[in-house]
Amino acid sequence: MTIDKGVNALEQLKYGFDHFKKEIYEKDVERFEELALEQKPKFMVIACADSRVCPSTVFSFQPGEAFTFRNIASLVPPYCEKKRNSGVGAALEYAVKIIKIEIDQVENIVVVGHSRCGGIRGLMSIPEDSHNCDDFIEDWVKIGWSAREVVKKEHGTLPLPDQCSYCEKAAVNLSLDNLMTYPFVKEALETNSIKLIGGHYDFVNCDITVWEI
């Protein structure tokens with residue numbers, strides 16, 4: 001589907017929906033009627049908000065197959081009882097405690113990083129003495145600070161783009177470790193009812209790497 005660059009935002013949204021309704025919905029109405037009753041996703045995917053990285057497109061998920069949460073750099077903060085307004089925590093709790101228990105479907109939590117991630121580049125570019133707490137992005141990406149420190153220690157002599165490539169994967173592993181600090185995720189892991197999977201999507205070379213922990 002291609003859209004004329006001269007089309008305004010409202011027209012583009014309507015055109016996109018009309019295309020979806022005609023080419024997808026009306027060709028599989030039964031599926032969408034079932035989805036109207038309940039969702040049964042096998043995957044929860046935590047991915048980056050980058051417009052070039054759409055999990056449903058990259059993994060060919062159909063509607064209802066993946067419960068998706070996106071943020072800057074696919075980061076998962078560690079569990080903290082005092083942070084009740086955590087979007088990541090709320091999404092995890094819904095997937096693991098609501099969908100998983102009531103429908104018994106979510107079997108995998110997948111954290112996916114990607115090439116040329118602006119959030120990771122921002123993390124790797126923060127000055128050591130930075131204390132800019134008024135900056136939303138900097139404060140957020142500092143969740144990955146320990147991954148950054150490992151990369152700086154082991155690959156600090158490399159050019160920044162290469163350091164970023166290492167950190168993109170290291171940040172995914174850090175987020176996977178942080179997932180295990182959530183009591184309900186830990187319990188699901190201990191009963192072997194859920195798996196944690198890491199991934200890195202290289203959209204420059206159209207390549208994917210996935211691993212299980």
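Residues numbered from 1 in each chain as written. Predicted model: local features only at pLDDT ≥ 70, side-chain atom pairs only at ≥ 80, totals over all residues. Heavy atoms only, no water.

## Some points on the sheet that holds strand 2 (residues 66–71)
In step 1: The strand order across the open sheet formed by five strands is 2-1-3-4-5, and the pairing between neighbours is mixed. What marks the edges here is a single partner per strand, and that holds for strand 2 and strand 5 (207–212). Taken pair by pair, the neighbouring strands of this sheet meet at an average axis angle of 20°, ignoring direction.
In step 2: For strand 1 (residues 43–48) and strand 2, the ladder comprises six bridges, and the chain directions are parallel. The partner of V45 across the bridge, within strand 2, is T68.
In step 3: Against the sheet, helix 4 (residues 87–103) engages strand 1, strand 2 and strand 3 (108–114), with an angle of about 170° to strand 2. (Pairing = 2+ DSSP bridges. Helix = DSSP H or I, 4+ residues; strand = E, 2+ residues; numbered from the N terminus. Axes fitted to C-alpha atoms, helices over the stretch in contact; angles between N-to-C directions. Contact = heavy atoms within 4.5 Å.)

## Quick word on the packing of helix 5 (residues 118–125) against helix 7 (residues 145–155)
In step 1: Where helix 5 meets helix 7, the closest approach of the two axes is 10 Å, and the angle between their N-to-C directions is 65°. Compared by their axis directions, helix 5 and helix 7 come out roughly perpendicular. In this structure, helix 5 meets helix 7 at a crossing whose hand is right-handed. Each of L123, M124 and S125 in helix 5 lies in contact with helix 7, whose residues at this interface are W145, R148, V151 and K152.
In step 2: Residues that form the contact of helix 5 with helix 7 fall into these classes: four nonpolar, one polar and two charged. (Parallel < 35°, antiparallel > 145°, perpendicular 65-115°, else oblique. Left-handed = near helix turned anticlockwise from the far one by under 90°. Nonpolar A, V, L, I, M, F, W, Y, C, P; charged D, E, K, R; others polar.)

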